[in-house]
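Here are the chains, one letter per residue:
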Amino acid sequence: MAQFTLDGKKVEAKEGSLVIDAAREAGTEIPHYCYHPTLGNPGNCRLCVVEVEGAPKPMVSCRLPVKEGMVVHSNSPQALRARSSALELHLVNHPLDCPVCDQAGECGLQDYYMKHGQYESQVRENKLHKKKRVPIGPHVMLDQERCVLCTRCTRFTSEVTKTHELGIFGRGHKEAIDLAPGKTLDNPYSGNVVDICPVGALTDRDFRYKVRVWYLDKTNSICPGCSRGCNISLHTNTKRPWHNEGRRAARIKPRHNAEINGYWICDEGRYSCSKLDEDRLGKVMQLKPAPAEISWDAALSEISQSLAKNIEEKGKEGLAVIASGLLSNEDWAGFKKIFVEALKVSHFLFTPEPDQMGEEDELLRKKEKVPNLKGGEALGFGTQIKSESWESLAQKIESGKIWGLYILERDPSKVWKEKTKNLLDKLELIVFQSPYKTAIGNWAHYRLPATSYAEEEGHFTNFEGKIQKYEQALLPLGEALPDWDILQKLERHYKEVQSHALTGASK
Ligand code: SF4
Ligand code: SF4
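Source: prediction; values computed, not measured. (Residues numbered from 1 in each chain as written. Chains lettered and ligands numbered in written order. Predicted model: local features only at pLDDT ≥ 70, side-chain atom pairs only at ≥ 80, totals over all residues.)

### Notes on the domain arrangement of the protein chain
Convention followed: Domain segmentation is taken from an automatic or database assignment of domains. Any pair of residues counts as being in contact when their C-beta atoms, constructed from backbone geometry, are within 7 Å of one another.
Once the domains are mapped, the protein chain shows domain 1 (2-90), domain 2 (98-107 + 125-209) and domain 3 (285-506). Summarising the inter-unit geometry, the C-alpha centres of domain 1 and domain 2 are found 27 Å apart. If you look at the interface, domain 1 gives nine residues, while domain 2 gives nine residues.

Here is the structure:
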């Protein structure tokens, strides 16, 4: 370890570590554009300049190793003068279109200039114009005039995704970021370049002009898109949803977690927020014999009575439950209590094959497109309790061994396809519980609305067994309740039905 002085305070840091990192750890953020903790430190933006006593000129702190006894000033007149000169150069050709720029409110150029800039411009020449509003991929829009040529985006595509879509073209003051010939920025992680671009040069086509960033609330959450469990920040706009086509979830941003996802998330997870409120179930419905709205109490009481009657007449072996790795740890606990301990169900189907499987890669994406199979596994689902396959369950229904199906957040019609109707027609009781409408919901006797992950708090256990908390960002839509709450209420109703039956029998 080495001790050095930063702005008059003694700071301890690893000998040889970078002054910009040591300062951040000591609570001093030195302005910077090109430096990024995982993308290196080319030192080209010259913004992180500091004064070092004994050095003949200001030094770039992202390339300056800590040495024992060095004395550093990050805010001395010399450091501030050098920084404001660097900012002035960045702004020579910048269009200054902050009022119509989507980055306003979270822009490194805007923020640093307000803090360190020279407000009287010395530039008298006309600004050089470059390409504006260029869609460079399905998710990203490029504005070359706003770029400060920090090269973070090119380093991301060459070092992280290794897809090499972006580069710097031209020379001198005509240098600009652009697509490499024949390329489109359409890799599975393309949205990350928007997060790392310190200015409004790369903006998100899904988010642009929907809402100003200062209207957003931010909630710590976990992406439910696959078993990686990336840490995310869910940005919601509940006060003014009309600014955003009625969408409550405006965008998803990655939240740094060195052990899970680093600084990144995939596009699949990022853009899932646009579907959060689509095709939602809001009302408790009894669909057979005729569709009718019904209260939670009435629905759960009728379901309990039907379960008790069928179990008594046809046996508990005739009930099957289809569950999903979308359930939280709290949901799995409620699930086990009702279906394993109270109803003693012997046929479960919870593996994701093949309806919840997708692409996997070495960076983040996992093939199980559900967040929490491990949470179920911790309670025995997959170890002591085995899962049926779709085929074996279909055969059991076909042969009349199954009389009832309770389905949580799955759609068997995606797997059983044209056989679905024939199979479901053989059943006495079908209950469908989910946040979302699916084809299967229309065949159910009862359809129960559950909350989405954004409307509840809970925990997911990722593929490595790490338990992570997600917080509630939104109010539930309609009458939706968390799965664990529905299952707990159902257990209580079922126990009441049983105790009435026992009291009736003993009279
Ligand atoms: S587009 Fe953004 S990230 Fe890329 S070089 Fe320009 S300022 Fe940096
Ligand atoms: S890798 Fe998985 S958990 Fe991470 S953002 Fe993508 S879908 Fe979500």
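Anyway, onward from the coordinates.
### So, the site of ligand 2
What counts is decided by this rule: Being near a molecule or strand means, for a residue, that its C-beta atom, positioned from the backbone, comes within 6 Å of it. Gly is put with the polar residues, along with every residue not named as nonpolar or charged; the nonpolar set is Ala, Val, Leu, Ile, Met, Phe, Trp, Tyr, Cys and Pro, and the charged set is Asp, Glu, Lys and Arg.
Around ligand 2 sit 13 residues in total, of which Cys 223, Gly 225, Cys 226, Cys 230 and Gly 269 are the nearest. For the shell around ligand 2, the class distribution of residues is six nonpolar, four polar and three charged.

### Things to note about the site of ligand 1
If you check the shell around ligand 1, you find 14 residues, and the closest are Cys 147, Cys 150, Cys 153, Cys 197 and Ala 201. When the residues that make up the shell around ligand 1 are grouped by side-chain class, the tally is 12 nonpolar, one polar and one charged.

### A look at helix H2 (residues 77-90)
Going by this rule: The secondary structure listing takes helices from DSSP runs of H or I that are at least 4 residues long and strands from runs of E that are at least 2 residues long, numbered from the N terminus. Expected span of a helix, by definition, is 1.5 Å for each gap between consecutive residues, and there is one gap fewer than residues. To assign burial, the other C-beta atoms lying within 10 Å of each residue's own C-beta are counted, with C-beta atoms placed from the backbone; 20 or more indicates buried, 12 or fewer indicates exposed, and intermediate counts indicate partly exposed. What the arc covers is the set of directions going from the helix axis to the C-beta atoms.
Compared with the 20 Å implied by 1.5 Å per residue over 14 residues, the 20 Å span of H2 between its first and last C-alpha is a close match. Restricting attention to buried positions, one finds in H2 the residues Ala 79, Ala 82, Arg 83, Ala 86, Leu 87 and His 90. Looking straight down H2, one finds that the buried residues subtend no more than 140 degrees of arc, so they occupy a single side. Against the buried residues of H2 lie strand S3 (49-52), strand S5 (71-73) and helix H3 (108-116).

### Digging into the nonpolar core
Under the convention used in this document: When buried Ala, Val, Leu, Ile, Met, Phe, Trp, Tyr and Cys residues are joined through C-beta atoms within 7 Å, the set is termed a nonpolar core.
Residues Ala 320, Val 321, Ile 322, Ala 323, Ile 407 and Val 431 are the most contacted members of the largest nonpolar core, which totals 52 residues. If you look at the next biggest cluster of nonpolar residues, it comprises 50 residues, including Val 52, Tyr 113, Ile 136 and Leu 166.

### What about the environment of Ser 272?
Tracing the sequence through the fold places Ser 272 in the loop between helix H6 (267-270) and strand S14 (285-286). For the pair Ser 272 and Ala 249, spaced 23 residues apart in sequence, the C-alpha to C-alpha distance is 9.7 Å.

### Description of the packing of H2 against H3
Rule in force here: Inter-axis angles, ranging from 0 to 180 degrees, are taken between N-to-C directions of lines fitted to C-alpha atoms, where helices are fitted over the stretch in contact. Here is the rule for angles: anything less than 35 degrees is roughly parallel, anything more than 145 is roughly antiparallel, 65 through 115 is roughly perpendicular, and the remaining ranges are oblique. Helix crossings are classified by the rotation of the near helix relative to the far one: an anticlockwise turn of less than a right angle makes the crossing left-handed, while a clockwise turn makes it right-handed.
In the contact formed by H2 and H3, the axes pass within 10 Å of each other and the chain directions differ by 135 degrees. With respect to their mutual orientation, H2 and H3 come out oblique. Two packed elements cross with a definite hand, and for H2 against H3 that hand is left-handed. Contacts between H2 and H3 involve Leu 80, Arg 83, Ser 84, Leu 87 and His 90 from the first element and Leu 109, Tyr 112, Tyr 113 and His 116 from the second.

### Thoughts on the sheet that holds strand S2 (residues 9-13)
Worth spelling out the cut-off: A strand pair is defined by DSSP finding two or more bridges across the two strands.
The strand order across the open sheet built from five strands is S2-S1-S5-S3-S4, with neighbouring strands paired in mixed fashion. The outermost strands of the open sheet, each flanked by one partner alone, are S2 and strand S4 (59-60). Pairing between S3 and S5: two bridges, direction antiparallel. Note that in S5 the partner of Val 52 across the bridge is Val 72.

### Quick look at unusual backbone geometry
The omega angle of the peptide bond from Lys 288 to Pro 289 is 5 degrees, so this bond is cis rather than trans. By the element assignment, Pro 289 lies in the loop between S14 and strand S15 (292-293). Note the cis peptide between Glu 353 and Pro 354, where omega equals -25 degrees. Structurally, Pro 354 can be placed in the loop between strand S17 (347-349) and helix H9 (373-378). At Arg 46, a residue that is not glycine, the phi angle is positive and equals roughly 60 degrees. Of note, Leu 96 is a non-glycine position whose phi angle comes to about 55 degrees, a positive value. For Leu 96, the position within the fold is in the loop between H2 and H3. Judged by the 14 C-beta atoms lying within 10 Å of it, Leu 96 is partly exposed.

### Here we look at the sheet that holds S14
Across the sheet, which stays open at both edges, the seven strands sit in the order S15-S14-S20-S19-S18-S16-S17 with mixed pairing between neighbours. In this open sheet, the two strands that pair with only one neighbour each are S15 and S17. Summarising the sheet, strand S16 (residues 319-322) and S17 pair through three bridges and their orientation is parallel. Each bridged residue has a counterpart across the sheet, and for Ile 322 the counterpart in S17 is Leu 349.

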